Amino acid sequence: MSAEWKAARRILCVRLDNMGDVLMTTPALRALKAGRKDRHITLLASSSGTAVARMVPEIDAVIPFEAPWMKGGGAQTVDASGQDDAVRTRVATGGFDAAVIFTAYSQSPLPAAYFCYLAGIPLRLAHCRENPYRLLTDWVAETEPAGGVRHEVQRQLDLVGHVGCHVANQRLSFVVRDEACQRVRRLLAAQGLDFTRPWVLLHSGATAPSRRYPAAHFAEAIRLLAAGGCQTVLTGSSGEVADVLSIQQQAAVRTWSLAGQLNLAELGAAVFLADVVVSNNSGPAHLAAAIGTPLVDLYALTNPQHTPWQVRHVLLFHDVPCKYCYKSICPQGHQDCLQRVEPQRVAAAVRALQPFSARRTIRDLMQFTPPGRAPAAEACNATSFDRAPCADSES
């Protein structure tokens, strides 16, 4: 590590895209923290990145910013640039010794680099395809995709490794809060979920239509799981409540829904409490990886670098010649990489991730006692809580 980077105490980390991207950057943030005991990390992030940053212990402060050069960054105009000025002022007066700009290889770091340059931050690190000249003091040449595509987590670890920051623990980071677990338990208990039986958290949404498993397939998978004794709890944003209800109606078996009822901390708690998570390639899949909940990832082949990181998982897709299109809407119109994944494979994948008891202690599972169930007294030192496993529902 150079003397300049070793001396850098206050670092601005820039990650301006989505929640999952921030989660996949957390090992690199941990590596930066490990470089100096008193290091302070501030994250410049979008609204979704800001929300998850509050559950990441490696992040000390966050500055929200809907960057106009990012997809979904808002309809900024020259006459409505007050946000830019306010954020630039916060960055310029933040006393930052260095800035690390984290990007996917399809994103340019130069607008953020110029932002940090104007703010007078002396050290500026990023991957960059073009020669950045004075915008970056530490330029890591962009080699992707021509030189091969790394996992997004590895890409960011390599970036901070360029300035001598490394860490042994490369797990994603997310803190599950007790109060969030308590509220999720109350919501599920009120709906009659049986906590002594296995239950699966199913998240059917994704920001890009190309990454959404068909609703009818989800419904059939739920029926197969129910036939094997597994309960299914569905989650979704407030804008996805109708979609979740449609899946429940098509499934025509008893299900439970938390759609539109959870904040991000509570969604993380629900992921923690579930036995298995079933999700498209979206934020909840990365939450499962960060928390350690076994994951069935319905992985649209839009891009290769966002697969589950260091968590027990089954990756489901149908191989297609048009894979890695990097499109939000299937250019071929068939979406076969997900459409042709049979629901039977989803149910089988859930069963493959048993036993359910390997991950949490009785104390974790029994913090909240559902109505009519005795508390697990003096259970702190027990190693696991065995629930009845799902039966094999295939003939």
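Residues numbered from 1 in each chain as written. Predicted model: local features only at pLDDT ≥ 70, side-chain atom pairs only at ≥ 80, totals over all residues. Heavy atoms only, no water.

A.B. asks: For this particular structure, what's the right way to read the sheet that holds strand E2 (residues 40-45)?
C.D. replies: Sheet strands pair by backbone hydrogen bonding; their relative direction is either parallel or antiparallel. Taken in spatial order, the 6 strands of this open sheet run E3-E2-E1-E4-E5-E6, and their pairing is parallel. The strands lining the two open edges of the sheet, one partner per strand, are strand E3 (61-64) and strand E6 (138-141). Each neighbouring strand pair of the sheet contributes to a mean axis angle of 20°, computed without reference to strand direction. Bridge analysis of E2 against E3 gives 4 bridges, and the strand direction is parallel. Directly across from Ala 45, in E3, lies its bridge partner Pro 64. Packed onto the sheet, helix H2 (residues 19-34) meets strand E1 (10-15), E2 and strand E4 (98-101) and runs at close to 160° relative to E1. Running at roughly 155° to E3, helix H4 (residues 82-92) makes contact with E1, E2 and E3 of the sheet. (Pairing = 2+ DSSP bridges. Helix = DSSP H or I, 4+ residues; strand = E, 2+ residues; numbered from the N terminus. Axes fitted to C-alpha atoms, helices over the stretch in contact; angles between N-to-C directions. Contact = heavy atoms within 4.5 Å.)

A.B. asks: What is the right way to look at the pairing of strand E5 (residues 123-128) in this model?
C.D. replies: Each regular strand shows side chains that alternate between the opposite faces of the sheet. Of all 6 residues in E5, 6 are buried, a share of seventy percent or more. Relative to E5, E4 runs parallel, the two sharing 4 bridges. Residue pairing in the sheet places Ile 101 in a bridge with Ala 126 of E5. Handedness of the crossover joining E4 and E5 through helix H5 (residues 110-118) is recorded here as right-handed. By the bridge criterion, 4 bridges tie E5 to E6 in an arrangement that is parallel. Opposite Leu 125, over in E6, you have Asp 138 as the bridge partner. (Buried < 20%, exposed > 50% of the residue type's maximum accessible area, 1.4 Å probe, protein only. Right-handed = clockwise from strand over helix to strand, strands pointing away.)

A.B. asks: What should I look at first to understand the side chain of Thr 255 in this one?
C.D. replies: Residue placement: Thr 255 occurs in the loop between helix H9 (241-251) and strand E9 (256-257). Using a relative accessible area of 14% as the deciding quantity, one classes Thr 255 as buried.

A.B. asks: Can you walk me through the pattern of salt bridges in this structure?
C.D. replies: Two side chains carrying opposite charge are able to pair once their charged atoms lie near each other. Applying the stated criterion across every chain yields a total of 14 salt bridges. Asp 21 is paired through a salt bridge with Arg 15; the nearest N and O atoms lie 3.8 Å apart. Asp 21 gets classed as buried once you look at its relative accessible area, which sits at 11%. Classification of Arg 15 as buried rests on a relative accessible area of 0%. The partner of Arg 30 in a salt bridge is Glu 58, with the nearest N and O atoms 2.9 Å apart. Note that Arg 30 is positioned in helix H2 and Glu 58 in the loop between helix H3 (47-53) and E3, a separation of 28 residues in sequence. An identical accessibility class is assigned to Arg 30 and Glu 58; each is buried. Salt bridges sharing partners connect three or more residues here, namely Glu 142, Glu 144, Arg 150, Arg 155 and Asp 158. (Salt bridge = Lys/Arg side-chain N within 4 Å of Asp/Glu carboxyl O.)

Honestly, it's all geometry; don't read function into it.
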